[in-house]
Amino acid sequence: MKNIDDLSKEQLKELVLVYAKNFLAIDGVWFQSIEQKYGMTEAMYHDCEAWKRYSVIEARRLKKFLKLSEHPGLEGLRQAFEFRFSAFVNPAVEYVLEKDALIFKVIDCQVQSTRKRKGMDLHPCKQIGVIEYAYFAKAIDDRIECNPISCYPDITDNSCACSWVFTIKKE
């Protein structure tokens, strides 16, 4: 094979999964390098700053790819979630679209599963998740607000790794 045009549909699907896993790996590797040298607080600071920027970039590119309108609402957000890099490495998710809310649950989180497998403490991901999901959602539709339901270290639902509720801001 010489280039991407030579790949079959199955090979392209496999390549997308490889890229998604690679992205998750580099995210974890840089985080762990800061965590090991400077501690969790410093690593979390840099992680927050990175996700503020990355989440918006990812959302804007997906919004364009999916040809979503300026205000695609909660259904547009659900569509965009299905194409995030993390959707390919965390396929066990649930979406519940109600009249005024989208509930998003990650059933099995690769980050937490990997840290458990390596004997590491769980990642205190609520702080990052609040940033990641809120910035992503607002870039899809600036009326959307995000609130955590359950996320480590504040687990209130043991049926999933984390869960979030998205609503349209009342004007």
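All of these numbers come straight from a predicted model, not from anything done at the bench. (Residues numbered from 1 in each chain as written. Predicted model: local features only at pLDDT ≥ 70, side-chain atom pairs only at ≥ 80, totals over all residues. Heavy atoms only, no water.)

### Brief notes about the environment of E98
Heads up, the rule is: A run of DSSP states H or I qualifies as a helix once it reaches four residues; a run of E qualifies as a strand once it reaches two. Both are numbered from the N-terminal end.
Turning to its location among the elements, E98 is positioned in the loop between β1 (93-97) and β2 (101-106). C-alpha of E98 to C-alpha of T167: the two residues are 69 residues apart in sequence and 9.7 Å apart in space.

### What to know about the pairing of strand β4 (residues 162-168)
Put simply, the test is: Accessible area is worked out with a 1.4 Å probe on protein chains only. A residue is then buried under 20% of its type maximum, exposed over 50%, and partly exposed in between. Strands pair, by our definition, only if DSSP identifies at least two bridges between them.
Counting buried residues along β4, five of its seven residues qualify, which places the element largely inside the surrounding structure. As paired strands, β2 and β4 are joined by six bridges and run antiparallel to one another. The residue bridging A101 from the neighbouring strand is T167, located in β4.

### Some words on the pattern of salt bridges
Put simply, the rule is: We count a salt bridge whenever a side-chain nitrogen from Lys or Arg sits within 4 Å of a carboxyl oxygen from Asp or Glu.
All told, the structure shown has ten salt bridges when counted by the stated rule. Measuring nitrogen to oxygen at the nearest pair gives 2.8 Å for the salt bridge that ties E58 to R84. In this pair, E58 is assigned in helix α2 (residues 40-65) and R84 in the loop between α3 (73-81) and α4 (85-89), connecting sequence segments 26 residues apart. Among the residues examined, E58 registers a relative accessible area of 7% and is labelled buried.

### Some words on the packing of aromatic side chains
Two measures describe an aromatic ring pair: the distance that separates the ring centres and the angle between the ring planes. What counts is decided by this rule: Each Phe, Tyr or Trp ring (for Trp, its six-membered ring) is paired with any other whose centre lies within 6.5 Å, and the angle between the two planes then decides the class: stacked below 30 degrees, edge-to-face above 60, tilted in between. Either the NZ atom of lysine or the CZ atom of arginine qualifies as a charge over a ring when it sits within 6 Å of the ring centre and within 35 degrees of the ring normal.
Applying the stated rule across the entire model yields 17 aromatic pairs. Centroid distance F23 to W51: 6.5 Å. Interplanar angle 80 degrees. Geometry classified as edge-to-face. Highlighted residues: F23 in helix α1 (residues 9-38) and W51 in helix α2, separated in sequence by 28 residues. Given the relative accessible area of 6%, W51 is considered buried. Relative to F85, the ring of W51 lies with its centre 6.3 Å away and its plane at 20 degrees, an arrangement referred to as stacked. Here the residue W51 occupies a position in helix α2, and F85 occupies one in helix α4, the gap between them amounting to 34 residues. There is no split in this pair, since W51 and F85 are both buried. Three or more aromatic residues link up through ring pairs in this structure, and these residues are F81, Y95, F104, Y133, F136, W164 and F166. Sitting over the face of the ring of F136, R84 holds its NZ or CZ atom 4.4 Å from the ring centroid.

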